[in-house]
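Listed below are the residues making up each chain.
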Amino acid sequence: MKRTVLPRRFVPVAASALAVTAAVLVPQAVPQSAPAADTAAQSAAHHHDDFVIVGHRGASGYRPEHTLASYELAARMGADYIEPDLVTTKDRVLVARHEPEIGGTTDVAAHPEFVGRKKTKLLDGVAVTGWFTEDFTLAELRTLRAKERIADVRQHNTVFNGHYQIPTFQEVIDLSRRLSKELGRPVGIYPETKHPTYFQQQGLPLEPELVKMLNRNGLNRKDAKVFVQSFEVSNLQALHKQLRVPLVQLTSSSGAPYDFVAAGDKRTYADVVSRDGLREVATYADGLGPSKDQLIPLGAAGKLGKPTSLVADAHRAGLVVHPYTFRVENTFLPAEFDSSTVATDSGNLFGEIAAYRQAGIDGLFTDNTDIAVAQEKEAR
């Protein structure tokens, strides 16, 4: 049976980024409300709309990603959903990190007690050297602090290095509930299972714990404000039989789902997003999360080219389309939206989002929720 994807009900239009950014300054170890955000909340205007704005790893344009502070800021800026990437600890606790390797997102390298944990492992067939969450208990991870992952682009985020812990999935759920009550609108969660085949190979599959957590929190139901996403296919097919919430197949403009690679299946992401492939996706998922260049490829000059038929093809198959990732810095924008030749300067994200909305997308992942919300207000 196909699950019904519920539209967004109420989304506040945030006040200026600076006003809201000032709202979430406390370390996440002791979650608390942020009175300074009241001004933003009071100035927010609720409206009915089906367009979905996902705070990609939280408000990672303004805070180190996958921290409670980042998620909270995204929600206060008006995100419909906050997006935790899920990996696991040695003692099978789901935590939010971009990758199982945490050398680039925490201060683990500065902890002499963990120097012996540094290893080289094959992550989806690629040799990666660093520290891996599955080699740590939750108690050990609690001694670490998050840091900005792309400090060369977002140097301003480094001021928050060392202030936030790695959150558990349960803490993200608890935060979404608290903010839903405080903001007077539902703040959903949009978890991604990261490298599921890799974790299966480690003897620590993610899916049983994900299902258990959603069940335990009463979120495995059709009307829950939850999407579950993955770049792999077989785990979504299995979850389709266990979850009542909508599932989203993530894709990339290159390569193949790693579970296909591991099984010797020659199909690629290009096959997944073909018309036949999309009809197959629709048998187990409700949405497609493509790389944005799969929808509008860049030309030789780095400018947006002609849109592909992917949005129309996905809609024809009955899938909603939520592309990733919309970011304000010039280095991430098509050339026509650059503000200067400086890669780290902020460019015209309003313009890029407008172009993709014109192409018919149903939502998007963004590091800059405030801009996406403001653009949506202008577009009405």
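It should be noted that the structure appears before, not after, this text.
Residues numbered from 1 in each chain as written. Predicted model: local features only at pLDDT ≥ 70, side-chain atom pairs only at ≥ 80, totals over all residues. Heavy atoms only, no water.

Looking now at the packing of helix α3 (residues 68-77) against helix α5 (residues 169-183). Their axes nearest at 11 Å, the elements α3 and α5 cross at an angle of 30°. The angle between α3 and α5 falls in the class roughly parallel. Between α3 and α5 lies a crossing of right-handed hand. Mapping the contact onto sequence places L68, Y71, E72, A75 and R76 in α3 and E171, V172, L175, R178, L179, E182 and L183 in α5. Among the residues forming the contact of α3 with α5, the class breakdown is 7 nonpolar, no polar and 5 charged. (Axes fitted to C-alpha atoms, helices over the stretch in contact; angles between N-to-C directions. Helix = DSSP H or I, 4+ residues; strand = E, 2+ residues; numbered from the N terminus. Parallel < 35°, antiparallel > 145°, perpendicular 65-115°, else oblique. Left-handed = near helix turned anticlockwise from the far one by under 90°. Contact = heavy atoms within 4.5 Å. Nonpolar A, V, L, I, M, F, W, Y, C, P; charged D, E, K, R; others polar.)

Before going further, it helps to spend a moment on the sheet that holds strand β13 (residues 363-366). Taken together, 4 strands build an open sheet; the order of strands is β7-β2-β1-β13 and the sheet is parallel. Every other strand in the sheet has two partners, leaving β7 (188-189) and β13 as the edge strands with one partner each. With 4 bridges connecting them, strand β1 (residues 52-56) and β13 associate as parallel partners. Following the sheet pairing, V52 is matched in β13 by G363. Where helix α14 (residues 369-379) meets the sheet, its contacts fall on β1 and β13, and the angle it forms with β1 comes to roughly 165°. (Pairing = 2+ DSSP bridges.)

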